[in-house]
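Breakdown of the fold
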Amino acid sequence: MRLIYGLICLFILSLASLAKGQNGIVVFQSDFGLKDGAVSAMKGVALGVSSTLKLEDLTHEIPAYNIWEAAYRLHQTVPYYPKGTVFVSVCDPGVGTERRSVVMLTKSGHYIVTPDNGTLTLLAEHIGIAEIRQIDEAINRLKNSGASYTFHGRDVYAYTAARLAAKVITFQQVGSKLPNQVVKLAYQKVTYKEGIVQGNIPVLDVQYGNVWSNIPRALINQLSVRPGESVRVQIFHGETSLYDKTVRMVNTFGEAPVGDDVAYINSLLNFSIAINQGNFSEKYKVFSGPDWRIVVSGN
């Protein structure tokens, strides 16, 4: 009898744990822009599932078809949301093809609803995969949307995310469990050897044209460069060199004259380079993506 009572208690606790898994927040990201009603349609579908959901936007200005940038914006933003938040990321040039539609539960307790087309690359590497499930469209698809093949963001992803966030379904009811593997995009990983650090330019600080890298502050510290001292910065697109200069490390832009190139640690605590009150990207034709490489060494 005591054993049965214990099993019942465990069952109730497991149900309570599942109920706490989602928090009613859905965050949307896409390459749709805001010129038409696509984003609003996704939100309408979500509110049709539950009008109590809290809907937020990450960005809808991902450059068209740029899966890499979608991956980075998730990596940049997901950790700052509460555990249990459900993200919808739709940058899906292969919509309607055989690419998988999935929900990934990260080790940090966040849910990502997206096509498995490389969007999950950085989250999988830096936060980790707890579990992945393939969306069962026989259950988790907007009613009467089966004839539509080109708007899975509305018909599959927003609908599934809303059902998950509103606790209409559990994570297990999303669909069948998959191996903890995702499609990954290749890029320059961070390396350190003999006083030289190499990394990738994953994204720009788009408002200002500053160039962000994936090189963490800890590796820059190994170069023993203090604020006010200089580092050599080289930037390559593939094998083409586009920049090779010695620049001064600063803590704040106010430490340098207007128009000077400066190196600094950005808000994600990664190495970055900019022009004080200027646009580094435009001036030097430096952009971002998996095929961009940055090299930093002591002067």
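The text that follows walks through the structure, step by step, so that each part is easy to find. Nothing here was measured: the structure is a model prediction, and the numbers come from that model.

1. Topic: the pairing of strand β6 (residues 129–134)
Both strand β4 (residues 101–106) and β6 contribute to a ladder of five bridges, which runs antiparallel. Paired with Leu105 across the strands is Glu131, a residue of β6.

2. Quick look at the nonpolar core
In summary, soluble globular proteins display a tendency toward joint burial of nonpolar side chains. Counting 27 residues, the largest nonpolar core has Val88, Val103, Val113 and Leu164 as the members making the most contacts within it. Here this core takes eight residues from helix α5 (residues 152–165), the largest share from any one element. In terms of nonpolar packing, the next biggest core, distinct from the first, is built from 25 residues, Ile215, Ile220, Phe271 and Ile294 among them.

3. Focus: the pattern of salt bridges
Overall, the coordinates contain 15 salt bridges when judged by the stated rule. The salt bridge partner of Arg226 is Glu229, with a shortest N-O separation of 3.9 Å. A relative accessible area of 33% means that Glu229 is categorised as partly exposed. In this structure, a network of salt bridges that share partners links the residues Glu137, Arg141, Arg154 and Asp155.

4. Re the packing of aromatic side chains
Scanning all chains against the criterion turns up nine aromatic pairs. Centroid distance Trp68 to Tyr187: 5.1 Å. Interplanar angle 50°. Geometry classified as tilted. Taken together, the residues Trp68 in helix α3 (residues 67–77) and Tyr187 in the loop between β7 (177–178) and β8 (191–193) connect sequence positions 119 residues apart. In this structure, Trp68 and Tyr187 share a single accessibility class: buried. Ring pairing ties together the aromatic residues Tyr243, Phe280 and Tyr284, which thus form one cluster. If you follow Arg133 out to its NZ or CZ, it ends over the ring of Phe171, 5.7 Å from the centre. A cation sits over an aromatic face here: Arg293 above Phe236, 4.3 Å from the ring centre.

Reading the values: rules and limits
- Residues numbered from 1 in each chain as written.
- Predicted model: local features only at pLDDT ≥ 70, side-chain atom pairs only at ≥ 80, totals over all residues.
- Heavy atoms only, no water.
- Pairing = 2+ DSSP bridges.
- Helix = DSSP H or I, 4+ residues; strand = E, 2+ residues; numbered from the N terminus.
- Core = buried A, V, L, I, M, F, W, Y, C linked by side-chain atoms within 4.5 Å.
- Buried < 20%, exposed > 50% of the residue type's maximum accessible area, 1.4 Å probe, protein only.
- Salt bridge = Lys/Arg side-chain N within 4 Å of Asp/Glu carboxyl O.
- Phe/Tyr/Trp six-rings, centres within 6.5 Å; stacked < 30°, edge-to-face > 60°.
- Lys NZ or Arg CZ within 6 Å of the ring centre and 35° of its normal.

Scope: geometric values only; no functional claims are made or implied.
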